[in-house]
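Residue-level listing of the chains:
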Number of protein chains: 2
Amino acid sequence: MEPNADTVFNFSAGPAVLPKAVMQKAQAEFVEWHGLGTSVMEISHRSKEFIEVANQAEQDLRDLLNIPDNYKVLFCQGGARAQFAAVPLNLLGAAKKATYIDAGYWAESAIEEARRYCDVDIYEAKTECDGLVAVKPASEWQVNAESAYVHFCPNETIDGIEINDLPVTDKPIVADMSSTILSREIDVSKYGVIYAGAQKNVGPAGICIAIVRDDLLDLASDVLPSVLNYKILAEKDSMFNTPPTFAWYLSGLVFQWLKAQGGVKVIEQVNRKKAALLYDYIDQSSFYKNKVHPDNRSLMNVPFQLENPDLDSTFLEEAAAQGLVALKGHWAVGGMRASIYNAMPLEGVQALVNFMKTFEEKYA
Amino acid sequence: MEPNADTVFNFSAGPAVLPKAVMQKAQAEFVEWHGLGTSVMEISHRSKEFIEVANQAEQDLRDLLNIPDNYKVLFCQGGARAQFAAVPLNLLGAAKKATYIDAGYWAESAIEEARRYCDVDIYEAKTECDGLVAVKPASEWQVNAESAYVHFCPNETIDGIEINDLPVTDKPIVADMSSTILSREIDVSKYGVIYAGAQKNVGPAGICIAIVRDDLLDLASDVLPSVLNYKILAEKDSMFNTPPTFAWYLSGLVFQWLKAQGGVKVIEQVNRKKAALLYDYIDQSSFYKNKVHPDNRSLMNVPFQLENPDLDSTFLEEAAAQGLVALKGHWAVGGMRASIYNAMPLEGVQALVNFMKTFEEKYA
């Protein structure tokens, strides 16, 4: 039988699986949307019909994350990588320094870009504990007094690391939440800026959300391209330039789907259940391993290795034959990685664990 | 009868109508693509399946525009407005000046952004001829000897102006072709950089094409955000950051559709026929007028005014009731605007002219 949407579970790290109900709705109205005789992607971003879509998406996101009124919600282009430049260029002001907490690949990528604009004060938060990768408690993190802000990445998709606490600082906290956003409850009021590429828990690649506290809108550098300027985007309701309308619309459908599931609190419970199912199986097995300390294991991205890496390609082939796809780990880490974002149902993780069990029985 | 895709002709200036065959194909494979049991937007941009889509789209665009080998084709984010900053930041090098030809709204928007990075030498190309808006011949344009490049916008969507010739200069020519690209034959080898937001003649909003001559890749400013750096994008095959994969895929389908139509040469003939039909009708009428000199009339965007502007809203309402939608002109110009990009069939323009005739008979 050819794979189809009912038999395939897609563990891609991003672009990632979207809720099936969302995809089916978008397909049904793809050519003719809302009785207009045209698709949503063929109408002006300034039409009243699209502005309604845009406003609804923003309101739903505000509801889901309980975003306070003194935060702007911006729909940007360029993904999180554009934000790696946008953050220092929007926030440094007269300061020449910023603190970056380093706990993995994406934090380091943000540091590399920030270095082009300021003196980066790096706090190395990764450590080892019981022979496993761990992150030092945030209460220990040191933030330079001259820093304009503190940047961290609470979920490292490649390393499979999650940070559950926050820097203790009076500086604005900036978080790359590309794979954290909407996966668990957060207190937005503790942050200065939250940004997130959509292609994990929000929607398709090509749109990026920035949630920016009002008082941080006036610090932009003279050399910041206008399309990345938080203040300009805020003043123009993210329509300074033509926004990626279809990606915005589809993100809005995901927000509605998430509300229908019961919101972030409920999906967090599902996510914890999914992650526990997988980590518990790995922990009791001597055939598979995960190298991250339990306190810092990612809810969203579960890297795991076979004790015998010679079996890696067989594992991937047999998994794919069962409809369990995109499990290959990042080259920097090797082995496997199961990304289990909001749109991955519990049954998908159960199917993966079942397969891992059978595979272990066959090859152990 | 409710409007549907068979009865509606959408004259939106952008995001604009896409070829119906493309939309139907994308709808059919929206949830399950190429037997993968998942959609094209849910797979990794680094998967072999997506890389095939990306490479095919680039090759088809190269074929359609006959792009020489010494040009890179980049798929970017941020639209043409991001390029307004990217162009000076990529091309100035040690120079402090650039020449911008001003013939309308978009050229002026590019100038405004460029001013933040260099001394802008402006050549005012707009003039009046026989009481109509016209553009001075390119042979008369003056280019400052110290300029790093000359920028112009060959089609001004708002003003309905088209420039058919090229600056006479040894400086690299940079063109904002957002609404020109693929509408008529061009000689890419005459340009340094061509860029175009997709949402007119290419695909959905959220992707932007930049065609960059090899020798211009080494001039980037230190402050240029990496996501806008032509050299980095070229070296990473436009996958330095996660690209807007669905928009890229859909653009590729448009390129294939265009090849199936016979390519740019053939679509240009259709476009000339469409434009002539509309302009000829306007010119013989004393009820409608277009204020642009025939030599500089846009092939793609036809603004027109009713001699009696009190009838504007009635015109728009009655047109919409006939399925002729998105005809309202830009606020800066007023009146109507019919955008007749590649995806607008001849029948759409014929239907518009028929309606204009009936409306004129009714209200003249």
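Here the structure is a predicted model, which is why all the values come from computation and not from measurement. (Residues numbered from 1 in each chain as written. Chains lettered and ligands numbered in written order. Predicted model: local features only at pLDDT ≥ 70, side-chain atom pairs only at ≥ 80, totals over all residues. Heavy atoms only, no water.)

**A look at the overall build of chain A**
Now for step 1: Looking only at helices and strands, chain A has nine helices and 16 strands in total.
Now for step 2: Since a compact globule built from 364 residues should have a radius of gyration of about 21 Å, the 21 Å found for chain A is in line with a globular shape.
Now for step 3: Counting only C-alpha atoms, chain A reaches 60 × 55 × 30 Å along its principal axes.
Now for step 4: In chain A, which comprises 364 residues, the proportion classed as buried is 63%.
Now for step 5: Across chain A, every contact between residues at least 6 apart in sequence was considered, and the portion connecting residues at least 24 apart equals 65%.
Now for step 6: On chain A, roughly 13700 Å² of surface is accessible, and the fraction owed to carbon and sulfur atoms is 47%.
Now for step 7: Averaging the positions of the 32 positive and the 48 negative side-chain charges in chain A gives two centres separated by 2 Å. (Helix = DSSP H or I, 4+ residues; strand = E, 2+ residues; numbered from the N terminus. Rg over C-alpha atoms; globule rule 2.2 N^0.38 Å. Buried < 20%, exposed > 50% of the residue type's maximum accessible area, 1.4 Å probe, protein only. Contact = heavy atoms within 4.5 Å. Areas by Shrake-Rupley, 256 points an atom, 1.4 Å probe, with all protein chains shown as cover. Lys, Arg positive; Asp, Glu negative; His and termini not counted. Charge placed at Lys NZ, Arg CZ, Asp CG, Glu CD.)

**With respect to the pairing of strand 10 (residues 173–176) of chain B**
Residues and elements named next belong to chain B.
Now for step 1: Side chains I173 and A175 project from strand 10 onto one buried face, and the interleaved V174 and D176 project onto a second face that is buried too.
Now for step 2: Alignment of strand 7 (residues 147–152) against strand 10, held across three bridges, turns out to be parallel. Across the sheet, the residue bridging to H151 is V174, located in strand 10.
Now for step 3: Bridging between strand 10 and strand 11 (residues 193–197) involves three bridges; their strand directions are parallel. Across the sheet, D176 pairs through a bridge with Y195, a residue of strand 11. (Pairing = 2+ DSSP bridges.)

**Focus on the pairing of strand 2 (residues 71–76) of chain A**
Every other side chain in a regular strand lies on the same face of the sheet, so the side chains alternate between the two faces.
Residue and element names in this part refer to chain A.
Now for step 1: The element strand 2 is extensively covered by neighbouring structure, given that five of its six residues are classed as buried.
Now for step 2: Bridging between strand 2 and strand 12 (residues 208–213) involves six bridges; their strand directions are antiparallel. Across the sheet, C76 pairs through a bridge with C208, a residue of strand 12.

**Some remarks on the sheet that holds strand 14 (residues 301–306) of chain B**
Hydrogen bonds between backbone atoms are what pair the strands of a sheet, whose relative direction is either parallel or antiparallel.
All names here are of chain B.
Now for step 1: Pairing in this open sheet of three strands is antiparallel, and the strands run 13-14-16 from one edge to the other. Only two strands of the sheet have a single neighbouring strand rather than two, namely strand 13 (288–289) and strand 16 (336–339).
Now for step 2: As judged from the four bridges shared by strand 14 and strand 16, these two strands associate in the antiparallel manner. In the sheet register, N301 faces strand 16, and the bridge partner there is S339.
Now for step 3: Its contacts with the sheet place helix 7 (residues 264–284) against strand 13, strand 14 and strand 16, and it is angled at close to 20° to strand 14. (Axes fitted to C-alpha atoms, helices over the stretch in contact; angles between N-to-C directions.)

**Remarks on the UniProt feature "modified residue: N6-(pyridoxal phosphate)lysine" (unreviewed entry) in chain A**
Residue and element names in this part refer to chain A.
Now for step 1: UniProt records the feature "modified residue: N6-(pyridoxal phosphate)lysine" (unreviewed entry) at K200, using the numbering of this structure.
Now for step 2: Looking at the element boundaries, K200 is found in the loop between strand 11 (193–197) and strand 12.
Now for step 3: In this structure K200 touches A13, G14, A16, V17, T157, S178, S179 and Y341, once residues within four positions along its chain are discounted.
Now for step 4: Polar contacts involving the side chain of K200 include one to the main-chain carbonyl oxygen of A13, which spans 2.8 Å. (UniProt positions renumbered as here; feature names shortened; annotations may be inferred. Polar contact = N/O pair within 3.5 Å; in protein donor to acceptor, adjacent residues only side chain to side chain.)

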